[in-house]
Structure formats: structure tokens, C-alpha cells
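Next come the chains, spelled out residue by residue.
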Amino acid sequence: MGRVSKMFLIINDANRGIREFCEPIEEILTGAGISFKTIEYEETLKTPMHDYRGILLSGSPRGDDIVDHHRPYFEWIRTCDRPVFGMCAGHHIVGSLYGAELLRSVEKEVGDCYVEIDYRDPVFAGLPDRFSVRQNHHDSITLPEGFVLLAHSEVCKVEAMKHRTRPIYTTQFHPELSNPEMIRNFIRIALACDK
């Protein structure tokens, strides 16, 4: 088998044409000198995920049924061997795939707030144990089986998590808006993977 491309994939979890959560990710990857492709979530069923070095799942302003609606487009995450980073809606979708409970308007956070690191992972390189993040969510999730809690806030119990054996990361908050170093750290993690 040949070498894996260094290209990354961004999946837009918002409705087609709504790019407010993809554009900041694209800017971070461009600034890091990383080639990428952005697709709509409906395109995941015909996209060979193995062709990409890392995959980033954007947030979405859509609420209510997004997890139930989007889940069929993301079943590939269970078997994909590529590093994945899900943000906000991506966090909910990944959690749902692994059995997390979706909490509606129980841990709502909007604006800037602080999260605290529970488990020091390379994705937090350069960040202090407590740092400010940008939030914009009404829904949240419980910690699914097989995941390690990475961070929490005073309001939300699961702000960041990682799969125990696979390079799957998710955040409830929006690092693309306030903590670009986390995405750059994820890029380094993904590029270091041998597969």
C-alpha cells in the first residue's frame, strides 16, 4: 500500500451553504500549510475517508434533530482508522454513535467561558489547565463508553473527550473560534500517525 496523502478533510455539518463553522477551520489549516478538501455531510457516504490524513467535523447552527438526522452519514467513524476531530455538532454526533445520551437544554452555554482539563493529552499542548473557550450550544452529551473525559466546565460535564484506543477527539466548545492551537495540535497528532 502506498503512502497516505497529507490532505485533510473538513465535513460541513451545517446545511449546505452555511459555512460559518467551516471557514475558521479552513483558515487554520491554510495557515498551517495543510492541504484540505471541504465537503457537505451528505457527501460522506460516497467519500473514501481512508484517502485523508485527518478528518474534522464542523459545528452547525441547526439544533433539535441534528444528531438523529446526521447520524446515518457518520456511521463510517466506527470503522475508519483515520484521526477524527469533532466540534460541537460533531461532538454530539460522535457521542451518539458510541452510546452517549443527548441532553437538551440542561447544560446550555453561550459566549466565552472556562473549561478545565481533566486529562492532559497532546491535543492540549500549549494550553494551561484552565482556559477560555467559545461556546454556542443548548445540547450536550454524557460521556460514552470507551471514551476518556479530557475537560469539563462548571456547567457542562463533557467539554472534551477522546476515544480510549483510537485517535478520535471531540469538543463541546468551538476551538476553531477561540483555540486554534488545538486544531494545530490535532494536525500534528494526525501527521504522526503511521497509517
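Residues numbered from 1 in each chain as written. Predicted model: local features only at pLDDT ≥ 70, side-chain atom pairs only at ≥ 80, totals over all residues. Heavy atoms only, no water.

Caption draft 1: Just the side chain of Gln172, in detail. Turning to its location among the elements, Gln172 is positioned in the loop between strand 9 (168–171) and helix 4 (175–178). On the accessibility criterion, Gln172 (0% relative accessible area) is buried. A distance of 3.0 Å separates the side chain of Gln172 from the side chain of His92, its partner in a polar contact. Excluding anything up to four places from it in sequence, Gln172 contacts Cys88, His91, His92, Gln135, His137, Asp139, Ser140, Ile141, Cys156, Val158 and Glu159. (Helix = DSSP H or I, 4+ residues; strand = E, 2+ residues; numbered from the N terminus. Buried < 20%, exposed > 50% of the residue type's maximum accessible area, 1.4 Å probe, protein only. Polar contact = N/O pair within 3.5 Å; in protein donor to acceptor, adjacent residues only side chain to side chain. Contact = heavy atoms within 4.5 Å.)

Caption draft 2: Spotlight on the pattern of salt bridges. Scanning the model with the defined rule gives eight salt bridges in all. When the shortest N-O distance is used, the salt bridge between Arg71 and Glu75 registers 3.4 Å. Beyond isolated ion pairs, a larger network of salt bridges with shared partners links Arg71, Glu75 and Arg78. (Salt bridge = Lys/Arg side-chain N within 4 Å of Asp/Glu carboxyl O.)

Caption draft 3: The pairing of strand 1 (residues 8–12), seen in detail. For strand 1, the tally of buried residues reaches five of five residues, placing the bulk of the element in the interior. The side-chain alternation of strand 1 yields two buried faces, one formed by Phe8, Ile10 and Asn12 and the other by Leu9 and Ile11. Here strand 1 runs beside strand 2 (residues 36–40); their pairing, made up of five bridges, is parallel. Each residue of the ladder has a partner; that of Phe8, found in strand 2, is Phe36. A crossover connection joins strand 1 to the parallel strand 2 through helix 1 (residues 22–31); in handedness this β-α-β unit is right-handed. (Pairing = 2+ DSSP bridges. Right-handed = clockwise from strand over helix to strand, strands pointing away.)

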